[in-house]
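Report on the structure
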Amino acid sequence: MTWSLYRWTWRLESPLYVGMPPAGSVNRCRLYVPARAVWGAISAEIARAKAATAFPEYDKVGCQVREHVRFTYLFPAEEEDNNKWSAWLPRYVPEEGLVWEHEGEGAGVQRLADRRFRARLVSTRPSTAIGPSSDNAAEGSLRETECINTRWRDQHGVSGGRVGLVGYVFIHKGLDQELREHLEQLEAIVVGGDSRYGFGQLRRVSKNDATSLFGCRVELGERDPQVKTERVLAHAATNCHGRSDLRGEMEILRGWDYGGHWQVKSPLWVPGSCAQSPQMWRIEHSGRWSGVPEGGWSDCADTVCIG
């Protein structure tokens, strides 16, 4: 077996902000944490732990982690009895749009529309920029920033249990032993934006062996870990085999890396997009998914895949 699979659960210790395209004066927040953000936060913590009193080797450690560890996206979770955390997962449903489903199986799965789910999880915080010459609010700078709360709310706005984040980690058998030990001993990370204001503090509350990914079958013996599902739970590309039966939304991803910007030029399906039948997906270094053609990668030899 090439990869080992673990289910990690994190508890929010402070509000979390993971940005997405704004809406007017509102800085909007995603309801999940992309794998790339998880990779960056964990790599930074390991680099600082290894460095002791020296300057951390962020680039070197980040490359080692990216090569031998794959992360899934983190999704919101509620704590149940016996310290069990159950995730809420996105799904696009015909004639309903985006909904969130409570983790589980069968016809009795709890489902909430995206708007109602955001009301349970998200709040906004006002902010503005102060002009240094006048000590007044700078014109046009008043904004609101969405963030994920540390506690759930019910339909009446009453505070409930703690908010968790659940995801999976694939660890390659070739991972350096020292890095493996740091990864296993990791207790807390800081992820997302506005961390200088105390946002994004997560504490790991459990790490369990797993044999499936949110109930979906996984392949751990391939060059890259693979998962078979009809619903993508990451940003996903399907250009390798031309399959077009996914339904959902698409977006262009942009970001920053070592002082420069990067962009995925082709639109990607967003988490929750669905097909009518399960298919195999490859989990890439970035945490994004790409479709595996029927018959394997030999069918895709002349196609440039999004990485």
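Remember, predicted model here, so these are calculated numbers, not experimental data. (Residues numbered from 1 in each chain as written. Predicted model: local features only at pLDDT ≥ 70, side-chain atom pairs only at ≥ 80, totals over all residues. Heavy atoms only, no water.)

1. Comments concerning helix α4 (residues 177-185)
- Those residues of α4 that fall on the buried side of the exposure criterion are Leu 179, Arg 180, His 182 and Leu 183. Buried residues along α4 cover an arc of 165° about the axis, so they all sit on one side.
- On the buried face of α4, the contacting elements are β1 (3-12), α1 (35-51), α2 (58-68), β3 (69-71), β11 (159-172) and β13 (201-209). (Buried < 20%, exposed > 50% of the residue type's maximum accessible area, 1.4 Å probe, protein only. Helix = DSSP H or I, 4+ residues; strand = E, 2+ residues; numbered from the N terminus. Arc of directions from axis to C-beta. Contact = heavy atoms within 4.5 Å.)

2. With respect to the pairing of strand β6 (residues 97-102)
- Here strand β5 (residues 85-93) pairs with β6 via six bridges, running antiparallel. Bridging across to β6, Pro 90 finds its partner in Trp 100.
- Here β5 hands over to β6 after three residues, with Glu 95 in that stretch at a positive phi of 70°. (Pairing = 2+ DSSP bridges.)

3. Notes on the pairing of strand β22 (residues 274-283)
- Summarising burial for β22: seven of the 10 residues are buried, a large majority.
- Between the end of β22 and the start of strand β23 (residues 289-291), which pair antiparallel, lie five residues, with Gly 287 showing a positive phi angle near 95°.

4. What to know about unusual backbone geometry
- Despite not being glycine, Glu 95 has its phi angle at roughly 70°, a positive value.
- You can see Glu 95 is positioned in the loop between β5 and β6.
- At Phe 214, a position not held by glycine, the phi torsion is positive, near 50°.

5. A look at the pattern of salt bridges
- Taken as a whole and assessed by the stated rule, the structure comprises 17 salt bridges.
- Residue Glu 101 pairs with Arg 231 through a salt bridge whose shortest N-O separation is 3.3 Å. On the criterion of sequence distance, the pair formed by Glu 101 in strand β6 and Arg 231 in strand β16 (residues 226-231) is long-range, its members being 130 residues apart. Comparing Glu 101 with Arg 231 shows no difference in burial state: the two are buried.
- When the shortest N-O distance is used, the salt bridge between Glu 284 and Arg 282 registers 3.1 Å. Summarising the burial analysis for this pair, Glu 284 and Arg 282 share the class buried.
- One connected set of salt bridges, linked through shared partners, spans Arg 70, Arg 223, Asp 224, Arg 282 and Glu 284. (Salt bridge = Lys/Arg side-chain N within 4 Å of Asp/Glu carboxyl O.)

6. Thoughts on the packing of α1 against α2
- Relative orientation of the contacting elements α1 and α2 amounts to 125°, with a least axis distance of 9 Å. In terms of orientation, α1 and α2 fall into the oblique class. Once α1 is placed against α2, the crossing between them reads as right-handed. Note on element contacts: α2 touches α1 through Tyr 58, Val 61, Gly 62, Gln 64, Val 65 and Arg 66, opposite Trp 39, Ser 43, Ala 44, Ile 46, Ala 47, Arg 48 and Lys 50. (Axes fitted to C-alpha atoms, helices over the stretch in contact; angles between N-to-C directions. Parallel < 35°, antiparallel > 145°, perpendicular 65-115°, else oblique. Left-handed = near helix turned anticlockwise from the far one by under 90°.)

7. Quick notes on the sheet that holds strand β8 (residues 122-127)
- An order of β2-β9-β8 is seen for the three strands of this open sheet, with the pairing classed as mixed. Because the sheet does not close on itself, it has two edges, and the strands there are β2 (26-27) and β8.
- Sheet topology places β8 next to strand β9 (residues 143-148); six bridges connect them, and they run antiparallel. Note on β9: the bridge partner recorded for Val 122 is Ile 148.
- Helix α3 (residues 114-121) contacts β8 and β9 of the sheet and is inclined by roughly 65° relative to β8.

8. Remarks on the environment of Asp 154
- Here Asp 154 shows up in the loop between β10 (151-153) and β11.
- A sequence separation of 33 residues divides Asp 154 from Leu 121, and the C-alpha atoms of the two residues are 9.2 Å apart.

9. Considerations on the nonpolar core
- In this structure, Trp 10, Ile 42, Phe 71, Leu 213, Phe 214 and Trp 289 are the most contacted members of the largest nonpolar core, which totals 72 residues.
- Once you skip the residues sitting within four places of it in the chain, Trp 289 turns out to touch Val 227, Thr 229, Arg 231, Val 232, Leu 233, Ala 234, His 235, Ala 236, Ala 237, Trp 281, Arg 282 and Ile 283. (Core = buried A, V, L, I, M, F, W, Y, C linked by side-chain atoms within 4.5 Å.)

10. Looking at the environment of Ala 113
- By secondary structure assignment, the location of Ala 113 is in strand β7 (residues 111-113).
- It is 9.0 Å that separates the C-alpha atoms of Ala 113 and Glu 101, two residues lying 12 residues apart in sequence.
- Apart from the residues within four sequence positions on either side, Ala 113 is in contact with Leu 98 and Val 99.

11. Examining the side chain of Arg 70
- The topology assignment puts Arg 70 in strand β3.
- A relative accessible area of 2% places Arg 70 in the buried class.
- At 2.7 Å, the side chain of Arg 70 and the backbone oxygen of Ile 283 are in polar contact.
- For Arg 70, the side chain forms a polar contact with the side chain of His 285, separated by 3.1 Å. (Polar contact = N/O pair within 3.5 Å; in protein donor to acceptor, adjacent residues only side chain to side chain.)

12. A look at the confidence of the model for the chain
- When pLDDT is averaged across the chain, the result is 84; 87% of the residues are at 70 or more.
- Across residues 297-307 the pLDDT falls below 50, and counting only partners more than four positions away or on other chains, this stretch makes 27 contacts in the model. (pLDDT = per-residue confidence, 0-100.)

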